[in-house]
Amino acid sequence: MSNFTEALVDCIQETDVITWIATVTAVVYVVLALKENIWCWSFGIVSSALWVSVYFNERLWYESLLSIFYVVLGVYGWISWSKEKKNTDGNESIAELSITRMPSNILFICVSVAVVSGIILGFISSAISDNSFAYSDALIASFSVVATWMTARKYLENWLFWIVIDACSAALYLVKGPTMYLAAVLFIFYTFMAVAGYVSWKKSLKA
């Protein structure tokens, strides 16, 4: 434990400005998403754009590519959350998109697509690159794309996906070594925030 603490302190001291900004904006994104605040997408777009170079330098190719997808999905999420419609009396505009549960057939399709695409991408990565965690990296990336789309559509189950994804990401970064310890701590925080997000959205759904 002491070795981990020392390595984490060294990692924090050696972390560059870009990584710090990416980390802080990522935390703000999660907090605002939990509160259903549309501004979460602007912070998510900035954070994702910055994480592209961070992951690339660590040879996590699909994580880097995933961050590019996050930027695109961030724009999609912003548009989806910003749509409004008139309420029943026609005087006041309200959000068109509200929290719902994902239909079981769509959930099955999403999981299937994520698993199949993750395995395919992992095979390709292991064949053409030196990615030491090809399948783990690819599966996390594919499930994260699906989970981000679910968030944009305000499906409650997106938080369940994120709990698993964030926990697995934290474990991956711990195994990657000291240079990724800060990212590991961030994703441990994400895991707890995803639990809080699920509880919060579930209460809103019941209300």
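Just so you know, these numbers come straight off a predicted model, no measurement behind them.

About the cut-offs
Residues numbered from 1 in each chain as written. Predicted model: local features only at pLDDT ≥ 70, side-chain atom pairs only at ≥ 80, totals over all residues. Heavy atoms only, no water. Helix = DSSP H or I, 4+ residues; strand = E, 2+ residues; numbered from the N terminus. Buried < 20%, exposed > 50% of the residue type's maximum accessible area, 1.4 Å probe, protein only. Contact = heavy atoms within 4.5 Å. Areas by Shrake-Rupley, 256 points an atom, 1.4 Å probe, with all protein chains shown as cover. Axes fitted to C-alpha atoms, helices over the stretch in contact; angles between N-to-C directions. Parallel < 35°, antiparallel > 145°, perpendicular 65-115°, else oblique. Left-handed = near helix turned anticlockwise from the far one by under 90°. Nonpolar A, V, L, I, M, F, W, Y, C, P; charged D, E, K, R; others polar. pLDDT = per-residue confidence, 0-100. Core = buried A, V, L, I, M, F, W, Y, C linked by side-chain atoms within 4.5 Å. Phe/Tyr/Trp six-rings, centres within 6.5 Å; stacked < 30°, edge-to-face > 60°. Lys NZ or Arg CZ within 6 Å of the ring centre and 35° of its normal. Patch = residues over 30% accessible without salt bridge, like charges linked within 9 Å, V, L, I, M, F, W, Y side chains within 5 Å. Salt bridge = Lys/Arg side-chain N within 4 Å of Asp/Glu carboxyl O. Expected span 1.5 Å × (residues − 1). Bend = angle between axes of the 7 residues up to and from the residue.

(A) Here's a closer look at the overall build of the chain. The secondary structure content of the chain amounts to 8 helices and 2 strands. Reading the chain from its N terminus to its C terminus gives the helix and strand order α-α-α-α-β-β-α-α-α-α. Every one of the 207 residues in the chain was classed for burial, and the buried ones make up 42%. Looking at the chain alone, contacts between residues at least 24 apart form 69% of all its contacts between residues at least 6 apart. When the accessible surface of the chain is summed, it comes to about 10800 Å², and 69% of that surface belongs to carbon and sulfur atoms.

(B) Structural context of the environment of V116. Note on placement: V116 falls in helix α5 (residues 104–128). V116 sits in the partly exposed class, given a relative accessible area of 47%. Considering only alpha carbons, one finds V116 and L139, 23 residues apart in sequence, at a separation of 8.8 Å.

(C) Broad picture of the packing of helix α7 (residues 158–176) against helix α8 (residues 181–206). At a minimum axis separation of 8 Å, α7 and α8 run at an interaxial angle of 165 degrees. The pairing of α7 with α8 is recorded here as roughly antiparallel in orientation. In terms of crossing hand, the pair formed by α7 and α8 is left-handed. Across the contact of α7 with α8, the residue classes tally to 19 nonpolar, 4 polar and 1 charged.

(D) Quick peek at the side chain of T23. With respect to the helices and strands, the residue T23 is situated in helix α2 (residues 17–34). Ignoring anything within four residues of it in the chain, the contact list for T23 reads W51 and L186.

(E) Region of interest: the confidence of the model for the chain. Of all residues in the chain, 89% have pLDDT values of 70 or greater, and the mean over the chain is 84. The least confident element of the chain, judged by mean pLDDT, is strand β1 (residues 84–86) at 53; the most confident is α7 at 92.

(F) Representation of the nonpolar core within the structure. Residues C40, W51, W159, W162 and Y173 are the most contacted members of the largest nonpolar core, which totals 45 residues. Element by element, the count of residues in this core is highest for α8, at 9 residues.

(G) Focus on the packing of aromatic side chains. Within the structure shown, the criterion is met by 11 aromatic pairs. Seen from their ring centres, W149 and Y155 are 5.9 Å apart, and the 50 degrees between their planes marks the pair as tilted. Judged by its relative accessible area of 13%, Y155 is buried. Here the aromatic rings of F187 and Y190 are separated by 4.9 Å at their centres, their planes lie at 75 degrees, and the arrangement is edge-to-face. You can see F187 and its partner Y190 sitting in helix α8, 3 residues apart, about one turn around the helix. Here F187 matches Y190 in class, with each residue buried. Among the aromatic side chains, those forming a connected cluster through ring pairs are Y29, W41, W81, W159 and W201. When the ring centre of W81 is taken as reference, the NZ or CZ atom of K154 above it lies at 4.6 Å.

(H) A nonpolar patch on the surface, seen in detail. Judged by side-chain polarity, V111, V115, V116, I119, I120, F123, I124, I128 and Y135 come together as a nonpolar surface patch covering roughly 800 Å² of accessible area. The element best represented in the nonpolar patch is α5, accounting for 8 residues. Tracing the backbone shows V115 in helix α5.

(I) Here's a closer look at the environment of Y155. Its location among the elements puts Y155 in the loop between α6 (134–152) and α7. Here the alpha-carbon distance between Y155 and M102, two residues 53 residues apart in the chain, equals 5.6 Å.

(J) Spatial organisation of α5. With 25 residues, α5 should cover 36 Å at 1.5 Å per step; its first-to-last C-alpha distance of 36 Å lies within 8% of that length. The complete set of buried residues in α5 reads C110, A114, G118, G122 and S125.

(K) Helix α3 (residues 40–57), seen in detail. Over its 18 residues, α3 extends 26 Å from the first C-alpha to the last, a length consistent with the 26 Å expected when each residue adds 1.5 Å. For α3, the principal kink sits at W51 and spans about 30 degrees. Considered for burial, the residues of α3 that qualify are C40, W41, G44, S47, S48, W51, V54 and Y55. R59 lies just past α3 and shows a positive phi near 60 degrees.

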